[in-house]
Amino acid sequence: MSAQQSAKLLPALFENIDPEHRFEVLNVGPALPETVAFFSDYRCKLHFVDPFSALPLVADPEGDVSLAQRVDQAMEGLAADARIDLCLFWDLFNYLQPEALRLIDERLRPFLAPGCHGHGFSVHNTRAPQQDVTFSIERPDALRLRPRPGRLAGYAPLAQSKLKETLQGFDIRRTVLLADSRLEILLAAR
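In short, a report on the structure.

The rules behind each value
- Residues numbered from 1 in each chain as written.
- Predicted model: local features only at pLDDT ≥ 70, side-chain atom pairs only at ≥ 80, totals over all residues.
- Heavy atoms only, no water.
- Helix = DSSP H or I, 4+ residues; strand = E, 2+ residues; numbered from the N terminus.
- Buried < 20%, exposed > 50% of the residue type's maximum accessible area, 1.4 Å probe, protein only.
- Contact = heavy atoms within 4.5 Å.
- Pairing = 2+ DSSP bridges.
- Axes fitted to C-alpha atoms, helices over the stretch in contact; angles between N-to-C directions.
- Phe/Tyr/Trp six-rings, centres within 6.5 Å; stacked < 30°, edge-to-face > 60°.
- Lys NZ or Arg CZ within 6 Å of the ring centre and 35° of its normal.
- Salt bridge = Lys/Arg side-chain N within 4 Å of Asp/Glu carboxyl O.

Focus: the environment of Leu177
Working step 1: With respect to the secondary-structure elements, Leu177 resides in strand 8 (residues 170-177).
Working step 2: Residue classification places Leu177 among the exposed positions, given a relative accessible area of 51%.
Working step 3: In this structure the C-alpha to C-alpha distance between Leu177 and Ser122, which are 55 residues apart in sequence, comes to 9.6 Å.
Working step 4: Other than its neighbours up to four places away in sequence, Leu177 contacts His124, Arg182 and Leu183.

Some words on the sheet that holds strand 1 (residues 3-6)
Working step 1: Taken in spatial order, the three strands of this open sheet run 1-7-6, and their pairing is antiparallel. With partners counted over all chains shown, the strands left at the sheet margins are strand 1 and strand 6 (133-139), one partner each. This sheet shows a mean twist of 35° between the axes of neighbouring strands, independent of strand direction.
Working step 2: Two strands pair when backbone bridges link them, and strand 1 and strand 7 (residues 142-147) are joined in this way by four bridges, in the antiparallel orientation. Bridge pairing in strand 7 links Ser6 to Ala142.

Topic: the sheet that holds strand 5 (residues 112-123)
Strand-to-strand pairing in sheets goes through backbone hydrogen bonds, with the strands running parallel or antiparallel.
Working step 1: One open sheet accounts for six strands, arranged 3-2-4-5-9-8; its pairing is mixed. Of all the strands in the sheet, just strand 3 (44-49) and strand 8 have a single pairing partner and so form its edges. Strand-to-strand twist across the sheet, computed as the mean angle between neighbouring axes with direction ignored, equals 15°.

Things to note about the packing of aromatic side chains
Working step 1: This model, assessed by the stated rule, comprises 13 aromatic pairs.
Working step 2: Aromatic ring contacts, followed pair by pair, group Phe14, Phe23, Phe38, Phe39 and Tyr42 into a single cluster.
Working step 3: The residue whose ring lies beneath Arg148 is Phe52, and the NZ or CZ to ring-centre distance is 4.5 Å.
Working step 4: Positioned above the aromatic ring of Phe121 is the side chain of Arg182, whose terminal nitrogen or guanidinium carbon lies 5.1 Å from the ring centre.

Focus: helix 4 (residues 98-108)
Working step 1: Here helix 4 has its buried residues at Pro98, Ala100, Leu101, Leu103, Ile104, Asp105 and Leu108.
Working step 2: On its buried face, helix 4 is in contact with strand 2 (23-28), helix 3 (67-74), strand 4 (84-90), strand 5, helix 5 (160-166) and strand 8.

Some words on the pattern of salt bridges
Working step 1: Summed over the entire model, instances satisfying the criterion amount to 11 salt bridges.
Working step 2: Two residues, Glu34 and Arg146, come together in a salt bridge whose shortest N-O distance is 2.4 Å. Of this pair, Glu34 sits in helix 2 (residues 33-39) while Arg146 sits in strand 7, placing them 112 residues apart in sequence.
Working step 3: Using a relative accessible area of 24% as the deciding quantity, one classes Arg146 as partly exposed.

This is the structure in structure tokens:
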């Protein structure tokens, strides 16, 4: 069963987007029908990468695969010539250790267009319970949440101060506290 959730900061992503000009969007998660339908009204290119399917993003305990290799595999699908204007991180920040988040942030930096903005969710309280949902956009101010088929591994939310410290490619511009102790976050590329 799916549910709708309002988005207070998501509309700000579109304030600087001219719908007459082509732009590129990185959706970090599965390609869901609402998101594809929403962006079909724009002249844009969608890139989908799904590191959620590779969780937990940690090095292989036997040492056969490094954390950097795991991150590279999780980020496959991002075209080499991408110039990302909008990043939809959803709740990825709640599932990455700082080392993995730094690597993803580092991998994304060369692809970020000047003025790139991002959106995601974090937690206000690191003891907030895990929510295994997928997110899609129905309207600029409304999201569709669906339960994931299984529990995601690696839930380890970071405090906002640690998230700010870890992200080198983005600044946290605004946050809104949601009723369930989560934060909606608006980011801007540095």
